[in-house]
Amino acid sequence: ACTGIENIDEAITLLEQNNWDLVAAINGVIPQENGILQSEYGVETLHGPAYGPTSHSTAASSTPSSSSAFRHVVPSRQIVERQPRMLDFRVEYRDRNVDVVLEDSSTVGDIKHILENELQIPASKMLLKGWKTGDVDDSTVLKSLHLPKNNSLYVLTPDLPPPSSSHSGALQESLNQNFMLIVTHREVQREYNLNFSGSSTIQEVKRNVYDLTSIPVRHQLWEGWPSSATDDSMTLAASGLTFPCHRLTVGRRSSPVQTREQSEEQCTDVHMVSDSDGDDFEDATEFGVDDGEMFGVASSALRKSPMMPENAENEGDALLQFTAEFSSRYGDCHPVYFIGSLEAAFQEAFYGKARDRKLLAIYLHHDESVLTNVFCSQMLCAESIVSYLSQNFITWAWDMTKEANRARFLTMCTRHFGSVVAQTIRTQKTDQFPLFLIIMGKRSSNEVLNVIQGNTTVDELMMRLMAAMEIFSAQQQEDIKDEDEREARENVKREQDEAYRISLEADRAKREAQEREMAEQFRLEQIRKEQEEEREAIRLSLEQSLPPEPKEESTESVSKLRIRTPSGEFFERRFLASSKLQVVFDFVASKGYPWEEYKLLGTFPRRDVTQLDPNKSLLEVKLYPQETLFLEAKE
């Protein structure tokens, strides 16, 4: 309608050259000042014969007299020369951001020279990524890329060593990285772009390739594995694969019963397929060929495998196939889909700490929608969208193409969001897919903040995502405040409980100490009483065993002893001079002063009588006829 191009093959080639950007493709054919040309502006349109893909180069370089859709259309009115357009770039490198402002007449190399001065990195070592178009080199003029006013880029330096870290830290980082494996199926010459985490094993890769190629693991013949990958149980991080991308080739082991005729027949089949030319596109609709098949062999090959198996028992396995097929169709730059059930995605997004919660984005895919390819390749795989989703969302996906999978999701939707949301999705027509649901978790229920249909743009999609984030951030701040207050109350309660417990422990310890002290006092009192009773029994026994005191008028020699106690008291007694000194000791002990604890001292001369032989008589130890002694406690 805009360009007058009726050759389907020619139109598809133009779209592929512009990375399926419809506006850029039209502006490339009919460039003018204000965008897509309108017929009433009086522009001269050149018409010429249509041609197939084999004549592109000759048509593009033909003389001015030969017209084609590839020629620029010259407006009849004079175009006013405009001022150079200024472009803003935000360039990210590791933990730094550099702002660059340039005219659109500058080249990519000019950006690198500015970054070379800012980052102190040689321009030859830089890989400038983030362009929305195809291949870009240093000589590419920015104007030719049709860039918006504001752009985000990032710098990769694969030839420069990363910041120093320990070997174990590097290995742990590799386990958390995603490896892109570009696997070429040798027999059919088809490539698969597969994403695996560094913790995946070589065996898991081979099993996934079996699902894609139908070649059993035992019949797979591989090329491209590093020499260190000697064991199928080895993880990809430890196998020595090139990060982030590594190429492999797989084929079927040749069977000894395969005949030469079979081989020739296979070669003939391949030749017959490759002989088909672009003219078939012109008659495709006449033979009932589906529109999806008119996008070339590569697109039809991608349509072979469904995004998700029908009636999959395990949602995690279904999401694994979805991720692998999505990467195969649209490349490795895409949102990181959560592998697991919808309930597990809820748990991951909504039920952690308030600071760690995220929004849940549910992508609903539909292969039969005309918007799917453009939405996935241009919007969902845009680096700005991928980066924003990875930072702020948990992304979960489901394929609605098959009726069984559609019914299963609607059942899950009714259970988690209610019948209103399920009815809203049920009434969506195929051409309104794909859908992007933004879910926010609340205390009592899960709320659907937004339902984004496939007929949108990158800017509109980003604005709606940011609007959802603003709502979520406000709710999250309230949740964080409530959680902090709750934790503060719980901390106070825990501190009070701990103080109460310590107080109880102290009281119990004090009570136990008092009980032990009372028990000890009682025990000592019992011992003291027993000792006193024992001493009293000994005293009485000694008192009874003493010989009778002789009378004063006795005819025998009598010794009179006067003994002073430590308290100053005196007691006297008469003893026969022939009595042994032990009798005196027993007498003193009977008065409560055992000679084991007290010593008996003489006055003139001062001497310790207890040191004398107790078997000698009083006469022999010179305690006759009388003597004064005093008692003193032993040390």
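Computed from a predicted model, the values in this text were never measured in an experiment.

Explanation requested: the overall build of the protein chain in the structure shown.
Assigned secondary structure in the protein chain consists of 16 helices and 17 strands. Partitioning the contacts of the protein chain with sequence separation of at least 6, the portion at a separation of at least 24 is 64%.

What's the story with empty space enclosed by the protein in this structure? I'm lost.
It is the rolling of a water-molecule-sized probe over the atoms that shows where space remains empty. Enumeration according to the criterion identifies 2 cavities of 30 Å³ or more in this entry. Here the second largest cavity is characterised by a volume of approximately 40 Å³. Among the secondary structure elements, those contributing two or more residues to the lining of the second largest cavity are helix 16 (581-590) and strand 15 (598-602).

Hey, could you run me through the sheet that holds strand 3 (residues 127-129) in this one?
Through backbone hydrogen bonds, the strands of a sheet pair up, either in parallel or in antiparallel fashion. Strands sit in the order 2-1-4-3 across an open sheet of 4 strands; the sheet is mixed. The outermost strands of the open sheet, each flanked by one partner alone, are strand 2 (96-103) and strand 3. Averaged over all neighbouring strand pairs, the angle between strand axes comes to 30°, with direction disregarded. Where strand 1 (residues 86-93) and strand 2 come together, 8 bridges link them in antiparallel fashion. Following the sheet pairing, Asp88 is matched in strand 2 by Val101. Contacting strand 1, strand 2, strand 3 and strand 4 (150-156), helix 4 (residues 108-119) runs over the sheet at an angle of about 140° to strand 2.

How do you make sense of the pairing of strand 17 (residues 626-633) when you look at a structure like this?
Within a regular strand, side chains alternate between the sheet's two faces. Here 5 bridges tie strand 13 (residues 558-564) to strand 17, and the two strands are oriented parallel to one another. Looking at the pairing, Arg562 lines up with Thr628 of strand 17. One ladder, built from 5 bridges, connects strand 15 with strand 17; its direction is antiparallel. In the sheet register, Lys599 faces strand 17, and the bridge partner there is Glu632.

When you look at the sheet that holds strand 17 in this model, what are you seeing that I'm missing?
With mixed pairing, 5 strands are arranged side by side in an open sheet as 14-13-17-15-16. The two strands at the open ends of the sheet, each matched to only one other strand, are strand 14 (570-576) and strand 16 (607-608). Along the sheet face, helix 16 touches strand 13, strand 14, strand 15 and strand 17 and points at about 150° away from the line of strand 14.

So what exactly am I meant to see when it comes to the side chain of Thr157 here?
Here Thr157 is to be found in the loop between strand 4 and helix 5 (167-176). Here the side chain of Thr157 touches Tyr93 through a polar contact of 3.2 Å, side chain to side chain. Residue contacts for Thr157: discarding those within four places in its chain leaves Tyr93, Arg94, Ile121 and Lys125.

Sorry if this is basic, but what is going on with the pairing of strand 8 (residues 245-252) here?
Of the pairings in the sheet, the one linking strand 5 (residues 178-185) to strand 8 comprises 6 bridges and is parallel in character. Residue pairing across strands places His185 opposite Val250, the latter belonging to strand 8. Examined bridge by bridge, strand 7 (residues 220-223) and strand 8 share 4 bridges and lie antiparallel to one another. The residue of strand 8 that forms the bridge with Glu223 is Thr249.

Would you take a moment to explain the packing of aromatic side chains for this structure?
By convention here, two paired aromatic rings are described through the distance between centres and the angle between planes. Overall, the coordinates contain 21 aromatic pairs when judged by the stated rule. On the numbers, 6.3 Å between centres and 50° between planes, the contact of Tyr388 with Phe393 is tilted. Ring plane angle 70° and centroid distance 5.5 Å describe the contact between Phe571 and Phe587, whose orientation is recorded as edge-to-face. Here Phe587 lies in helix 16 and Phe571 lies in strand 14, a separation of 16 residues in the sequence.

I tried to follow the environment of Gln611 on my own but got confused; where do I start?
With respect to the helices and strands, the residue Gln611 is situated in the loop between strand 16 and strand 17. The exposure class of Gln611 is exposed, given its relative accessible area of 61%.

What's the story with the pattern of salt bridges in this structure? I'm lost.
Pairing between side chains becomes possible if they bear opposite charge and their charged atoms approach one another. This structure, assessed with the given rule, holds 28 salt bridges. Between Glu325 and Arg329 there is a salt bridge, with the nearest N and O atoms lying 3.2 Å from each other. Residue Glu325 and its partner Arg329 are located together in helix 9 (residues 315-330), separated by 4 residues, close to a single helical turn. Here Glu325 matches Arg329 in class, with each residue buried. Of the charged contacts in the structure, one is a salt bridge between Asp367 and Arg329, with a shortest N-O distance of 2.6 Å. Residue Asp367 is found in the loop between strand 9 (359-365) and helix 11 (372-380), and its partner Arg329 is found in helix 9; the two are separated by 38 residues along the sequence.

I would appreciate a short explanation of the packing of helix 15 (residues 458-545) against helix 16 in the present structure.
When two helices pack together, their arrangement is given by the angle between the helix axes and the distance between those axes. Orientation of helix 15 relative to helix 16, taken along the N-to-C sense of each, is 135°, at an axis distance of 8 Å. In terms of their interaxial angle, helix 15 and helix 16 are classed as oblique. As helix 15 runs across helix 16, the sense of the crossing is left-handed. Facing helix 15, whose interface residues are Arg539, Leu542 and Glu543, helix 16 presents Asp586, Ala589 and Ser590. Along the lines of polarity and charge, the residues of the contact of helix 15 with helix 16 split into 2 nonpolar, 1 polar and 3 charged.

Teacher, can you tell me more about the packing of helix 12 (residues 383-392) against helix 15 here?
Viewed as axis vectors pointing N to C, helix 12 and helix 15 meet at an angle of 15°, and their least axial separation amounts to 10 Å. By the angle class used here, helix 12 and helix 15 are roughly parallel. The handedness of the crossing between helix 12 and helix 15 is left-handed. Along its contact with helix 12, which presents Ser384, Ile385, Tyr388, Leu389 and Asn392, the element helix 15 presents Val458, Leu461, Met462, Leu465, Met466 and Met469. Grouping the amino acids of the contact of helix 12 with helix 15 by side-chain chemistry returns 9 nonpolar, 2 polar and no charged.

Quick question: what am I supposed to make of the side chain of Ser239 here?
Considering the arrangement of structural elements, one finds Ser239 in the loop between strand 7 and strand 8. Owing to a relative accessible area of 0%, Ser239 belongs among the buried residues under this scheme. Of note is the side chain of Ser239, whose polar atom sits 2.8 Å from the backbone oxygen of Leu236. Once residues lying within four places of it in the same chain are set aside, the contact partners of Ser239 are Ile202, Pro226, Ser228, Ala229 and Met234.

The rules behind the values
- Residues numbered from 1 in each chain as written.
- Predicted model: local features only at pLDDT ≥ 70, side-chain atom pairs only at ≥ 80, totals over all residues.
- Heavy atoms only, no water.
- Helix = DSSP H or I, 4+ residues; strand = E, 2+ residues; numbered from the N terminus.
- Contact = heavy atoms within 4.5 Å.
- 1 Å grid on protein atoms, 1.4 Å probe; cavity = no way out; pocket = protein on both sides within 12 Å on 5 of 7 lines; lining within 4 Å.
- Points joined across faces, edges and corners; volume = space filled by probe spheres on them.
- Pairing = 2+ DSSP bridges.
- Axes fitted to C-alpha atoms, helices over the stretch in contact; angles between N-to-C directions.
- Polar contact = N/O pair within 3.5 Å; in protein donor to acceptor, adjacent residues only side chain to side chain.
- Phe/Tyr/Trp six-rings, centres within 6.5 Å; stacked < 30°, edge-to-face > 60°.
- Buried < 20%, exposed > 50% of the residue type's maximum accessible area, 1.4 Å probe, protein only.
- Salt bridge = Lys/Arg side-chain N within 4 Å of Asp/Glu carboxyl O.
- Parallel < 35°, antiparallel > 145°, perpendicular 65-115°, else oblique.
- Left-handed = near helix turned anticlockwise from the far one by under 90°.
- Nonpolar A, V, L, I, M, F, W, Y, C, P; charged D, E, K, R; others polar.

Without other data, these values stay purely geometric and don't point to any function.
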